[in-house]
Structures are given as C-alpha cells and as structure tokens.
Amino acid sequence: MVWFRKRIFIYAGIIAVLLVLSARGSEFSLIGLFQLGNTWEMLSNRFWPPRWDLVPYLLQQSLITLSIAFFGTFTALLIALPLSFMAAENTSRSVGSFYMVRSLLSLFRSVPEIVFGLIFVVSLGLGPFAALLAIFLHNASVLGKLIAELVESSDKGPQEAMSSVGAGRRTGQLFAILPQIWPNVLSQYFYRFEVAIRTSLVLGMIGGGGLGQSLMNYYNSLAYESMATAIIIIMVLVIIVDVSGGIVRKRVI
Amino acid sequence: MLRFKDVSVVYEDGEEPALDSLSLSVEKGEFVCVLGRSGAGKSTFIRTINGLQPLTAGNVNVLGYDVRLLAEKKLRALRSEVGMIFQHFHLIPRMSVRQNVYTGRFGQKPPWKNFLGIYTAEERKLADYYMEEVGLLPYAERRVERLSGGQKQRVGIARAMVQDPSILLGDEPVASLDPTTSDHIFQLLRQLHEERNLTTVINVHDVGLAKKYASRIIGLKNGRLVYDGSPIDMSENDLAEIYE
Ligand SMILES: Nc1ncnc2c1ncn2[C@@H]1O[C@H](COP(=O)(O)OP(=O)(O)OP(=O)(O)O)[C@@H](O)[C@H]1O
Ligand SMILES: [Mg+2]
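Residues numbered from 1 in each chain as written. Chains lettered and ligands numbered in written order. Predicted model: local features only at pLDDT ≥ 70, side-chain atom pairs only at ≥ 80, totals over all residues. Heavy atoms only, no water.

Trainee: Help me get a handle on the site of ligand 1, residues and values and all.
Mentor: Residue and element names in this part refer to chain B. The full set close to ligand 1 counts 13 residues, and S38, G39, K42, S43 and T44 are the nearest of them. In this structure, K42 approaches ligand 1 through a side-chain N or O atom, which is 2.7 Å from an oxygen atom. H205 is positioned such that a nitrogen or oxygen atom in its side chain is 3.4 Å from an oxygen atom of ligand 1. When ligand 1 sits alone it has 630 Å² of accessible area, and the protein chains cover 59% of it. A breakdown of the residues in the shell around ligand 1 according to their chemical character gives 3 nonpolar, 6 polar and 4 charged. (Near = heavy atom within 4 Å. Polar contact = N/O pair within 3.5 Å; in protein donor to acceptor, adjacent residues only side chain to side chain. Areas by Shrake-Rupley, 256 points an atom, 1.4 Å probe, with all protein chains shown as cover. Nonpolar A, V, L, I, M, F, W, Y, C, P; charged D, E, K, R; others polar.)

Trainee: Requested: an account of a negative patch on the surface, with residues and values cited.
Mentor: A cluster of acidic residues, E12, D13, E15 and E16 of chain B, forms a negative patch on the protein surface. Relative to the assigned elements, E15 of chain B resides in the loop between β1 (2-9) and β2 (19-26). (Patch = residues over 30% accessible without salt bridge, like charges linked within 9 Å, V, L, I, M, F, W, Y side chains within 5 Å. Salt bridge = Lys/Arg side-chain N within 4 Å of Asp/Glu carboxyl O. Lys, Arg positive; Asp, Glu negative; His and termini not counted. Charge placed at Lys NZ, Arg CZ, Asp CG, Glu CD. Helix = DSSP H or I, 4+ residues; strand = E, 2+ residues; numbered from the N terminus.)

Trainee: Give me the UniProt feature "transmembrane region" (unreviewed entry) in chain A: which residues, what numbers.
Mentor: All names here are of chain A. Taking the numbering used here, the UniProt-annotated feature "transmembrane region" (unreviewed entry) corresponds to residues 57-79, 114-137 and 227-248. Structurally, residues 57-79 comprises 100% helix and 0% strand, and the distance from its first C-alpha atom to its last is 33 Å. Annotation note: span residues 227-248, helix share 100%, strand share 0%, distance between end C-alpha atoms 31 Å. (UniProt positions renumbered as here; feature names shortened; annotations may be inferred.)

Trainee: Quick one: what's the story with the environment of V162 of chain B, residue by residue and with numbers?
Mentor: All names here are of chain B. Note that V162 resides in the loop between α6 (149-161) and β7 (167-171). In sequence terms V162 and K73 are 89 residues apart; their C-alpha atoms lie 20 Å from each other. Non-local contacts of V162, meaning those with residues more than four positions away in its chain, are made with V101, G104, R105, L126, A127 and Y130. (Contact = heavy atoms within 4.5 Å.)

Trainee: Give me the packing of aromatic side chains: which residues, what numbers.
Mentor: Tallied over the entire structure, the rule returns 16 aromatic pairs over all chains. Clustering of aromatic rings is evident, with ring pairs tying together F70, F74, Y189, F190 and F193 of chain A. K109 of chain B extends its terminal NZ or CZ atom over the ring of Y119 of chain B, reaching a point 4.5 Å from the ring centre. (Phe/Tyr/Trp six-rings, centres within 6.5 Å; stacked < 30°, edge-to-face > 60°. Lys NZ or Arg CZ within 6 Å of the ring centre and 35° of its normal.)

Trainee: Could you give an account of the sheet that holds β2 of chain B, naming the residues involved and the relevant values?
Mentor: All names here are of chain B. Taking strand neighbours across the sheet as the criterion, the 4 strands line up as β2-β1-β4-β5 in an open arrangement whose pairing is antiparallel. Strands with a single pairing partner mark the edges of an open sheet, and in this sheet they are β2 and β5 (65-66). One ladder, built from 5 bridges, connects β1 with strand β4 (residues 57-62); its direction is antiparallel. Bridging across to β4, S8 finds its partner in A57. (Pairing = 2+ DSSP bridges.)

Trainee: Describe the UniProt feature "domain: ABC transmembrane type-1" (unreviewed entry) in chain A, with residues and values.
Mentor: UniProt records the feature "domain: ABC transmembrane type-1" (unreviewed entry) for residues 62-245 of chain A in the present numbering. Secondary structure across residues 62-245 of chain A comprises 86% helix and 0% strand; the distance between its end C-alpha atoms is 17 Å.

Trainee: Describe in detail the interface of chain A and chain B, supporting the description with residues and values.
Mentor: Contact residues are listed per partner, giving 19 residues for chain A and 24 residues for chain B. Here chain A and chain B share an interface that buries about 1,900 Å² over both sides, 67% of which is from carbon and sulfur atoms. When the area that chain A buries against chain B is broken down by residue, the three leading residues are S164, V165 and F175 of chain A, summing to 30%. Where chain A touches chain B, the interface holds 1 salt bridge. Note that R47 of chain B is salt-bridged to E160 of chain A, the shortest N-O span being 2.6 Å. Counting the contacts that link chain A with chain B gives 2 residue pairs in polar contact (both at pLDDT 80 or more). Those elements that place two or more of their residues in the side of chain A that touches chain B are α8 (157-164) and α9 (169-208) of chain A. For the side of chain A that touches chain B, the class distribution of residues is 11 nonpolar, 7 polar and 1 charged. (Buried area = accessible area lost by both parts, 1.4 Å probe.)

So this is what it looks like as structure tokens:
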C-alpha cells in the first residue's frame, strides 16, 4: 500500500460519482451503442457515392475557410504581441494598465467564438467576415494571455544586461524577451491556427461562409451525397493542416 | 571615479542590511577585486554602481554623478558609460555573436536606430575590433547558444567594451568557468584594463585570481568593509577575517 494514500481513494470516489452523474446528464445508454450499426447503414446507403463533381467548388470554399483562419489568427497575433507585454507583470507600464489589459483579455476570452459568430452574423450579415471577426477577437485574447505568461516566465538575465548597457525600457524588453519566447510564440500560434480551421468550419455552419456553410446547406436540403464530398474535403484539409503544423512546429523549436 | 558614502542597502524581506554604511572610493585606472563569502554583499555592491540596485541610505557618486538623483534618461546615459559582465553571461539567445555585441551600443542610440539595426561605420569597426580582441571574430556569425562558457563570457566582455566604457564591472564573471578558462578571462580583462587605463571592479570567489590580477582588493563581510589594500599586503589573517 506504499503507493496509495487515503486521499487517492477519496479522489477515486469523487470521480466515480461525477462519472455516474455525467452519464445521466448526457443520457448515455448502452442500448444506444448497439444502434450505432444503423449509422453505418445510413452512411453507406445515403452518403455513397459522394458527388465528385462538387470537388472544385468545395475546394474553392475551403480556401475561404483557410483565409478566415489565417487572416483571423495572424492579425490576432499581431495585436496580441504588444498587448501581452502590457498584460505581463514584469513589463507592464503601470499596475493600472496591467489590470485593465488583463481583465479585458479575460473578458473576451470568456466569450466562445460561436457566440461572437452568432452576434456578428446578425449585426453584419451572413458571410465569412462575421466568422473572421469572431476568430480574431477570440484568438487575440487567447494569444495575448498565453504570450503574457511566456513574457512573465522569461529569464530576467538578458533584461538586466540590456538595462546595464543603458538601453531604453522598450528596446531592452523587446531584445531581451522576444528572442527567448519566439519559438514558443510560434508554436502557440500554429496551434491556434489549427484550432481556428476547425472553428471556422463550425462558424460556417451558423452562416459564416466557407466549407462549414456548404456542409450545412447540403445537410438542410438533405443532399447527403454532396455532404459526403464536403466531409471528405474537410478531413483532408484538417489532416494536411495538422501534419504541416507539426512539421513547422518541430522546425521552429 | 567612484565614491561610496555611508551606503546602506536593506532588502525588503531582509533583516540584516546587505550593505552596511559602506564608504570607500575607487580612482581611475584601478583594478579592484571584491572578495567575500556568499551573502557578504558583493553583488549588491557592484549593482549599486550602475543603479541596478537602489540604495536605502547614503550616496554613490559615479563619474561625478550622484546615482541616486539621476532621472531615467540621465541614469541610462550613465549606464552606457559603465560596462558590466555577469556570471551567467546574460546574452541574448538566438542571436549571433555580432548581434549580441551590437546590443552594447543600445544606450547610445535612439530607439528607432536600435530597432532597425542601423550602425555607423565607426560602430561597426568598434564591434569588429573588440570581437577580434576577445578572439571571437571567426565566430562572429555564430549563434551564442553554440559557444562554450568561456566564449560566451568573451561575448559578454565584447558587448561591454563596445560601450566604450569608463568603468567595467563584473559580478563573478568566472564563477561558472573552469580554472584555466577563468585565468584566460582574467588575463583578457587585465589586458583591456592596461590598454586603456580602464577602471575595473570585479567580484571573485577565487582568492588566487584576485591576488594575481588585482591592483587592490576589497574584502566585504556582512555588508561591511573588512579589508582594503593591495594584494601583496594581504595576510593570512586578513583572509581569515574576510572568510572567517
Ligand atoms: N533580491 C533580494 N531580496 C532579498 N534579499 C536579498 C536579495 N538579494 C540579496 N539578498 C540578501 O542580501 C545579502 C547580500 O547578497 P549579495 O547577493 O549581495 O551577496 P553576494 O556576496 O553577492 O553573495 P554570492 O557570493 O552568493 O553571490 C544576502 O544576505 C542576501 O540573502
Ligand atoms: Mg553575488
């Protein structure tokens, strides 16, 4: 029993109770699992064969999805970098601005992208721009917080060296901190980009354009064979982005 | 050059003062080594000279300026006159030797020129000159992560020297290096000191190095001066007094 303390049994008990409760909450049922076969049947009957003639059109749509994700996250990164220095304890100009920027970031981060998306689709109309804004706002706040944490945990040595040569505050911070955290910043960025691709698919479903919107349109008009094509393209897109993201991240670090 | 008058430093969470009404002065062209046990206040002493460490009481006068009274801008100007090297080098990672050496000029240029990396022909010559002098010109384009400890400290020295400083400070610059490399670094520091009559103040743990290279030794204990004199006059008793 050396490995087990009493506490562990208490934790195990708590987790067991939570599992039971959440199984109820999510209406988990074993009988339902046996009906999964129906899903497969439905897929092979109604989704097959996919409408290959839609591939060119859907590829075009996937470019929209990619654009939303890239433009939204990259501009978010550009804004997040200066914000993060204001939101880090060791580099913020004053306590007041530190708390203000921090709280603003938390506030925006607490709103899920889909909520932003729903709001913008109503206020700005259907289309990729609504999705773009939603992704931008969410990622600027997420990246701002993540980078602020990197700034706070950066080695203070180089900053001290920059002070001692008489460098100005901002010059010193930029040169002492940015090179240190750069690999992590990029790797966080690529991760956010990958996530943004999936998010922009979901945002498409509520009218944010791109592949997600096509998928939803097919679904609503019961065009399952067209939907199958869209799903295949989505899978390929996500796999390509995951793999290339992995390669890029490895290279930067 | 350097004048300490009744200087005390008490850290926020410290009960004993790290420096306890310390008074002394250092003249131009001295090579001072500061000895003392761990916690004696050596780092604190060095860091008050360029204002990295604020004082609790007393005043420090450097090159005619009362460090305590200097506003941000003047303090930066003073710091650019004082080079400093560190135990852990404190180089900018992911940058080359040359880029690191160039950062030594940051105190003497407007920010936009620093950001864009605009350097005059003179400055570039100065950087090349010191990279040559510390023996790193062949490695100028190499990233600093790919250097040995001794080489890294040489980059630190070159960065401090391109400031064209009147005073060079060192906070245990050889404490992370092996004895041979340490000796080479001290030879280099001594050479730089002699070539331009550079006032040098350095903390060391190694009494041998201090005796071999210093023109004057200062012994600190509990933030107080317990020895001040030439290395030749330093007796076993004096050493015992410093290290107890
Ligand atoms: N940031 C700090 N906060 C609180 N106390 C500190 C701080 N820095 C140093 N001290 C205390 O001040 C005293 C002097 O420290 P200092 O670093 O100057 O000694 P040192 O002689 O450089 O020691 P070492 O040889 O270990 O580097 C020590 O008692 C130390 O605990
Ligand atoms: Mg020290």
